[in-house]
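Descriptive analysis of the structure
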Amino acid sequence: MHPITDPAVIEGYLGDASNTRGHAEALYRPRSTEDVAEVLAAATTAGVGVTVTARRTSTTGGPVPDGGWLLSTEHLDRIHAVDDCDAGVLLGAYQTQTEAGGRLFPPDPTSRHECTLGAAIACNASGARSFAYGATRPWVEAVQVVLPTGEILWADRDTPVPAAWPVPRWSEPIVKTAAGYFPADNLLDLMIGQEGTLGVITRARLRLTAPPPAVMGVVAFFGDRAALLAFVDHARTGARRPGQAASPGALSPRALEYFDSHALALVRARVPDIPEAATDALFIEVEHAGEPPLEAWWDALEAHGALVDATIVTEDEAGRARLHAVRHAVPAGVNEQVVANGMPKVGTDFAVPDSALAEMMDAYAAVPLPHVCFGHIGDNHLHLNLLPRSAAELEQARAIYKTLARQAVQLGGTVSAEHGIGKIKRSLLAEMVGPEVIAAFRALKTAVDPAGVLGRGTLF
Ligand SMILES: Cc1cc2nc3c(=O)[nH]c(=O)nc-3n(C[C@H](O)[C@H](O)[C@H](O)COP(=O)(O)OP(=O)(O)OC[C@H]3O[C@@H](n4cnc5c(N)ncnc54)[C@H](O)[C@@H]3O)c2cc1C
């Protein structure tokens, strides 16, 4: 394969959504798994670092190169069959095609129309409906992967991890998490969530399910956060969770999403129905067959002090699309504020156990800088977006972020629930897992990638 060395072309591949930028000497755009193997084998022989880059929507610096070569997956772009897809295909494009054929691939990161399937697997991405369906991991049956040495193999859950690879045995926090190597007992699970440090995923066989017959969308407003939290507890009691069926009679939402008062302020202009008294809101999706379970939800909302008269319910696709547009208007509004401030935002991705949700939200609400908080409350996984207006406030925001990360860890949580560690959260991962686990991660990495070529600077 011939590298591209034109700096003007390489320039477009040097950053990601974290606003960090790197440098690289060459760019490879392989068209096949064999091309990928050729590049990696050559890199291992030459001892040159290789950074895998896909669509660069990472918020963690993972695809940002620290010198060496870039390997872009953009030309690994074929959908081979409904459940068999190349890594460089856009996740949303794959899902649109799959759904047109009457099947569902559930992982739904907000960025799904901008990010690739391969990266979603490499980062074990998740989204709103992960509350019921889980992250990407359970929906992958097998991956084709190229190891740093250039060896090509298929890995599924019957493929053992090579005996010479010391898989770290560590206790992940018991929350939704995307931080560090998975303590896997098979090669597939080891390759999911490794953030481009153990192998390049070139193709995947996926697990699909039947789409739900119907989905009801609800936006419920509250005038009191404690009431909202009590309702969240009620709504997720007995709910369908990854690998676990719903209890009879449970409300069982597939998505439970939170918006604080600042998030509501951002979308008030677009949603005139938001009541004055609303301080917080929930965006809820419920799958159902037959009649929508409106009465049960209505009763529960009323019993928990929601502002029921203002509740918005939609039962058709068009209505849900409108609600999604409003939901996505929040991050868009945050980004507009970032541009207006001329300062980057500082966003959290922590998750904590159920018992610590209220304490974590109190800490978020108390931050002394402009902020917007929203996200996956069903998984106790909220994104606090700090919006500094000056260099001094940016420094302050970064310090607050670290303090909150430590608090999340102390409460039994994770420093990354879905975006991964990349390069910018390495020190937080080290604090979360401790030096022994980091040493175990390194030992695995050295066994898989003796020349240390792949994903230099990512994870550690
Ligand atoms: C607005 C916005 C919303 C987002 N929402 C979500 C969300 O809801 N949930 C969520 O989980 N994430 C979210 N993200 C983060 C990001 O979109 C995901 O991490 C996504 O999986 C990255 O995909 P990408 O194609 O852009 O990969 P890149 O950013 O290019 O790469 C991400 C990482 O994966 C590695 N990688 C990429 N492809 C491969 C491969 N084929 N084999 C091995 N390693 C590979 C790279 O080296 C890098 O470390 C969001 C980001 C943005 C900007």
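To be clear, the structure that these remarks concern was listed above.
First, a word on what this report is: a plain description of the structure on this page.

Thresholds applied
Sequence order as written defines residue numbering, which begins from 1 separately in each chain. Residues qualify for local features only when their pLDDT is at least 70, as the model is predicted, and side-chain atom pairs are given and counted only at 80 or more; totals for whole chains, interfaces and linings, by contrast, use all residues. The basis for every side-chain value is the complete set of heavy atoms in the structure, and neither hydrogens nor water enter the calculation. The cut-offs for exposure are 20% and 50% of the maximum accessible area for each residue type, with area from a 1.4 Å probe on protein chains only; residues under the lower value are buried, those over the upper are exposed, and the others partly exposed. Secondary structure elements follow DSSP: runs of H or I of four or more residues count as helices, runs of E of two or more count as strands, with numbering from the N terminus. By definition, two strands form a pair when at least two bridges between them are found by DSSP. Contact between two residues is taken to exist if any of their heavy atoms lie within 4.5 Å; hydrogens are not considered. Every axis corresponds to a line fitted to the C-alpha atoms, with the helix fit spanning only the stretch in contact, and the corresponding angles, defined between N-to-C directions, vary from 0 to 180 degrees. Working definition: a disulfide is two cysteine sulfur atoms within 2.5 Å of each other. Patch criteria: residues need more than 30% relative accessible area and no salt bridge. Like-charged residues are merged within 9 Å; nonpolar side chains of Val, Leu, Ile, Met, Phe, Trp and Tyr are merged within 5 Å. Each accessible area is a Shrake-Rupley estimate made with a 1.4 Å probe; only the visible protein chains count as cover when residues are assessed. Take a side-chain nitrogen of Lys or Arg and a carboxyl oxygen of Asp or Glu: if they are within 4 Å of each other, that pair is a salt bridge. This count recognises Lys and Arg as positive and Asp and Glu as negative, with His and chain-terminal groups excluded. A single reference atom marks each charge: NZ on Lys, CZ on Arg, CG on Asp, CD on Glu. Among buried residues, those of type Ala, Val, Leu, Ile, Met, Phe, Trp, Tyr and Cys that are joined through side-chain atoms within 4.5 Å constitute a nonpolar core. Think of it this way: one heavy atom of a residue within 4 Å of a molecule or strand is enough to make that residue near it. Any pair of N or O atoms that falls within 3.5 Å is considered a polar contact. Within protein, one atom must be able to donate a hydrogen and the other to accept it, and sequence-neighbouring residues count only if both atoms are side-chain atoms. Put simply, Ala, Val, Leu, Ile, Met, Phe, Trp, Tyr, Cys and Pro go in the nonpolar bin, Asp, Glu, Lys and Arg in the charged bin, and everything else, Gly too, in the polar bin.

A short note on the pairing of strand E3 (residues 69-72)
- The alternating pattern of E3 places Trp69 and Leu71 and Leu70 and Ser72 on opposite faces, both of which are buried.
- Pairing analysis gives four bridges linking strand E2 (residues 50-53) to E3, with the strands arranged parallel. Bridge assignment links Thr53 to a residue of E3, and that residue is Ser72.

Overview of the sheet that holds strand E15 (residues 381-386)
- With antiparallel pairing, the seven strands of this open sheet are ordered in space as E12-E9-E11-E10-E14-E15-E13. Looking at which strands have only one partner, the edges of the open sheet turn out to be strand E12 (312-314) and strand E13 (346-347).
- Relative to strand E11 (residues 280-288), strand E10 (residues 255-259) runs antiparallel, the two being bridged by five bridges. The residue bridging Phe259 from the neighbouring strand is Ala281, located in E11.
- Packing of helix H11 (residues 357-365) onto the sheet brings it into contact with E10, strand E14 (371-376) and E15, and relative to E15 it is tilted by some 10 degrees.

Digging into unusual backbone geometry
- Phi is positive for Ser252, which is not a glycine, with a value near 50 degrees.
- Here Ser252 is to be found in the loop between helix H7 (225-236) and E10.
- The class of Ser252 is buried, set by a relative accessible area of 15%.
- If you check the backbone angles, Leu459 has positive phi at about 75 degrees while not being a glycine.
- The residue Leu459 is located in the segment after helix H14 (435-448) in this model.
- For Leu459, a relative accessible area of 1% translates into the label buried.

Side note on the state of the cysteines
- Counted by the stated rule, this structure contains zero disulfides.
- Of the cysteine sulfurs around Cys115, a residue in no disulfide, the closest is that of Cys123, at 8.6 Å.
- Judged by its relative accessible area of 8%, Cys115 falls in the buried class.

Let's talk about a negative patch on the surface
- Where like charges cluster on the molecular surface, the negative patch consists of Glu295, Asp299, Glu302 and Asp309.
- Topologically, Glu302 is positioned in helix H9 (residues 294-303).
- Accessibility expressed as a relative area gives 49% for Glu302, which makes it partly exposed.

A short note on the nonpolar core
- Counting residues in each nonpolar core, the largest one holds 97 residues, and the members touching the most others are Val143, Leu282 and Ile377.
- Looking at this core, the element that brings in the most residues is helix H12 (residues 391-410), giving seven residues.
- In this structure, Val143 is in contact with Ile121, Leu153, Trp154, Ala155, Leu188, Met191, Ile201, Arg203 and Ala204, ignoring residues within four places of it in sequence.
- The next biggest cluster of nonpolar side chains, apart from the first, holds 21 residues, and it includes Phe221, Val330, Val338 and Phe374.

Comments concerning the site of the ligand
- Close contacts around the ligand come from 31 residues, with Val52, Arg56, Thr57, Ser111 and Ser126 the closest.
- Take Ser58: an N or O atom from its main chain is 2.9 Å from an oxygen atom of the ligand.
- Glu418 places a polar side-chain atom, nitrogen or oxygen, 3.2 Å from a nitrogen atom of the ligand.
- In isolation the ligand exposes 980 Å². Once the protein is present, 91% of that is buried.
- Within the residue set of the shell around the ligand, elements represented by two or more residues are E2, helix H4 (117-122) and strand E8 (200-206).
- Sorting elements by how many residues they give to the shell around the ligand places H4 first, with three residues.
- Within the shell around the ligand, the residues separate by chemical class into 14 nonpolar, 13 polar and four charged.

Digging into the sheet that holds strand E1 (residues 26-28)
- Spatial strand order, E1-E3-E2: three strands in an open sheet with parallel pairing. Across the chains shown, the open sheet's two edge strands, defined by having one partner strand only, are E1 and E2. Strand-to-strand twist across the sheet, computed as the mean angle between neighbouring axes with direction ignored, equals 25 degrees.
- Pairing between E1 and E3: three bridges, direction parallel. Counterpart to Tyr28 in the pairing with E3 is Leu71.
- Its contacts with the sheet place helix H2 (residues 33-46) against E1, E2 and E3, and it is angled at close to 165 degrees to E3.

Here we look at the pattern of salt bridges
- For the coordinates displayed, the defined rule picks out 22 salt bridges.
- Arg157 is the partner of Asp189 in a salt bridge, and the nearest nitrogen-oxygen pair spans 3.0 Å. With Asp189 in helix H6 (residues 187-191) and Arg157 in the loop between strand E7 (152-156) and H6, the pair connects residues that are 32 residues apart, well separated along the chain.
- With a relative accessible area of 7%, Asp189 lands in the buried category.
- Salt bridges sharing common partners tie together Arg240, Arg254, Glu285, Glu287, Glu317 and Arg320.

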